[in-house]
Amino acid sequence: DNPNSYIIHLSNVPTNVAQQICSCRGPVVMFGILKYERKVSVLHYMVKRHPDYTDPIKAKEELEVHCGYRRSLIRPIYSQNNVNSDKHLTERFFQLGRFTVASAYGHVMFPPSPVLFFPPSSSSSSSSSIMTDDFRPLVAAGTLLTVDPNRMLIKRVILTGTPFSVHKRGAVVRHMFFNPDDVRWFRPVELWTKNGLLGHIREPRGTKGYMKCSFESFIKQNDTVCMSLYKRQLPKWEPQRFQ
């Protein structure tokens, strides 16, 4: 009889979802979606950890995200938000005290949607079973930064070697490679040392991965020779979450 009330008929609802809705003690919220919001892409959340949550959080560790009207389980990777470059270094842990970009696969949303991170419930084995009433601490809060699968998330790996013999600006370095073919392959990559010197590979020496290197200044025997390598990293893809 109320002109402001509507009757909505739902079809093809899974049994477990219907049981969760019927057993829910709170209100049931229904919403419509815009064009493309049923598609899956890479979502980037600008979030900051809550100061009361001090447990370490590794990259790709499962979390429950509340983004706008949606809830889902994700395994995000964390990166710095470098405003002066289009490449962003990934981090192994979710850092405290500053904003971090968390990237994960999810259904398309439009920014700036509010975002809350919670630890997963003990019964959250799938994205269809996250409607629980147990208390969980707030991990982080923020907003949806962007939806961009082309955002360059870069992982850095540092190879190290030790000088075997030193003569002025030259040195024979070992324990960085163990094959002369690898030395030739990485020859164009710049070297650097912990004392701040820059150098390059000249040629391999022998058959055990030793290499001759030249540096811009005199190198010491107790220095460490390093090489930085970079590769693109993507969030963990779990297709069963979007079936």
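Since this is a predicted model, take the numbers as computed values, not measurements.

**Side note on the overall build of the chain**
Then comes step 1: Helices and strands together make up the secondary structure of the chain, namely two helices and 14 strands.
Then comes step 2: At 26 Å, the chain has a C-alpha radius of gyration far larger than the 18 Å of a compact globule built from 243 residues.
Then comes step 3: The proportion of buried residues among the 243 residues of the chain is 35%.
Then comes step 4: Contacts in the chain between residues at least 24 apart in sequence constitute 70% of all its contacts with a sequence separation of at least 6.
Then comes step 5: Entry remark: accessible area of the chain is about 15,500 Å², with carbon and sulfur atoms responsible for 53%.

**Quick notes on the side chain of Arg241**
Then comes step 1: With respect to the secondary-structure elements, Arg241 resides in the segment after strand 14 (225–232).
Then comes step 2: Arg241 sits in the buried class, given a relative accessible area of 15%.
Then comes step 3: Engagement of the side chain of Arg241 in a polar contact is seen with the side chain of Glu238, the distance being 2.5 Å.

**Let's talk about the pairing of strand 9 (residues 152–167)**
Then comes step 1: Across three bridges, the pairing between strand 5 (residues 87–91) and strand 9 is parallel. Paired with Leu89 across the two strands is Ile154, which belongs to strand 9.
Then comes step 2: Bridge analysis of strand 9 against strand 14 gives eight bridges, and the strand direction is antiparallel. For Thr160, the partnering residue across the bridge sits in strand 14 and is Cys226.
Then comes step 3: In this structure, strand 9 lies alongside strand 10 (residues 170–174), joined through five bridges in antiparallel fashion. Residue Ser165 lies in a different strand from strand 10, and its bridge partner there is Val172.
Then comes step 4: Two successive antiparallel strands, strand 9 and strand 10, enclose a turn made up of two residues, where Lys168 displays a positive phi of approximately 55 degrees.

**Brief notes about the environment of Lys194**
Then comes step 1: For Lys194, the position within the fold is in the loop between strand 11 (191–193) and strand 12 (198–205).
Then comes step 2: Contacts of Lys194, omitting those with residues within four sequence positions, involve Asp223, Thr224 and Cys226.

**Focus: the environment of Lys168**
Then comes step 1: With respect to the element layout, Lys168 can be found in the loop between strand 9 and strand 10.
Then comes step 2: Through-space distance from the C-alpha of Lys168 to that of Asp148 is 49 Å; in sequence the pair is 20 residues apart.
Then comes step 3: Apart from the residues lying within four places of it in its own chain, the contact partners of Lys168 are Ser217, Phe218 and Ile219.

**Structural notes on the nonpolar core**
Then comes step 1: With 19 residues, the main nonpolar core has Tyr45, Val47, Val115 and Phe117 as its most contacted residues.
Then comes step 2: Every element with two or more residues in this core is listed here: strand 1 (40–49), strand 2 (63–67), strand 6 (99–107), strand 7 (114–118) and strand 8 (140–147).
Then comes step 3: The contact partners of Phe117, leaving out residues within four places of it in the chain, are Tyr45, Val47, Leu63, Glu64, Val65, Ile74, Phe94, Ala102, Pro137, Leu138, Val139 and Ala140.
Then comes step 4: Residues Leu197, Cys213, Phe215 and Ile219 belong to the second largest nonpolar core, which totals 14 residues.

**Notes on the side chain of Ser103**
Then comes step 1: Within the secondary structure, Ser103 is located in strand 6.
Then comes step 2: Relative accessible area serves as the criterion here: at 0%, Ser103 is assigned to the buried category.
Then comes step 3: One polar contact links Ser103 to His44, side chain to side chain, over a distance of 2.6 Å.
Then comes step 4: Among residues more than four places away in sequence, those in contact with Ser103 are Val42, Leu43, His44, Arg75, Pro76, Ile77, Leu153 and Pro235.

**Topic: the pattern of salt bridges**
Then comes step 1: Applying the stated criterion to the full structure yields eight salt bridges.
Then comes step 2: Of the charged contacts in the structure, one is a salt bridge between Asp86 and Lys87, with a shortest N-O distance of 3.4 Å.
Then comes step 3: Accessibility expressed as a relative area gives 46% for Lys87, which makes it partly exposed.
Then comes step 4: In the salt-bridge network here, residues are joined through shared partners; they are Glu62, Arg75, Glu238 and Arg241.

Each value, and the rule that gives it
- Throughout this document, residue positions are counted from 1 along each chain, in the order its sequence is written.
- With the structure being a predicted model, the display of local features is reserved for residues of pLDDT at least 70 and the display and counting of side-chain atom pairs for 80 or more, all residues being used for whole-chain, interface and lining totals.
- As a rule here, side-chain values come from all non-hydrogen atoms in the structure, and water together with hydrogens is ignored.
- In DSSP terms, a helix is any run of H or I states spanning at least four residues, a strand is any run of E spanning at least two, and both are numbered starting from the N terminus.
- With C-alpha atoms as the basis for the radius of gyration, the globule rule is written as 2.2 Å multiplied by the number of residues raised to the power 0.38.
- Only protein chains enter the accessibility calculation, which uses a 1.4 Å probe. A residue is then buried if its area is under 20% of the maximum for its type, exposed if over 50%, and partly exposed in between.
- Contact definition: two residues touch when any of their heavy atoms are within 4.5 Å.
- Surface accessibility in these figures is a Shrake-Rupley result with a 1.4 Å probe; residues are shielded only by whichever protein chains are displayed.
- Residues adjacent in sequence count toward polar contacts only when both atoms are side-chain atoms; beyond that, a polar contact is any pair of N or O atoms within 3.5 Å, and within protein one must be able to donate a hydrogen and the other to accept it.
- Paired strands, as defined in this entry, are two strands with at least two bridges between them according to DSSP.
- Here, the term nonpolar core denotes a set of buried Ala, Val, Leu, Ile, Met, Phe, Trp, Tyr and Cys residues that are joined through side-chain atoms within 4.5 Å.
- The salt bridge definition used is simple: a Lys or Arg side-chain nitrogen within 4 Å of an Asp or Glu carboxyl oxygen.

That's the geometry; what it means functionally is another story.
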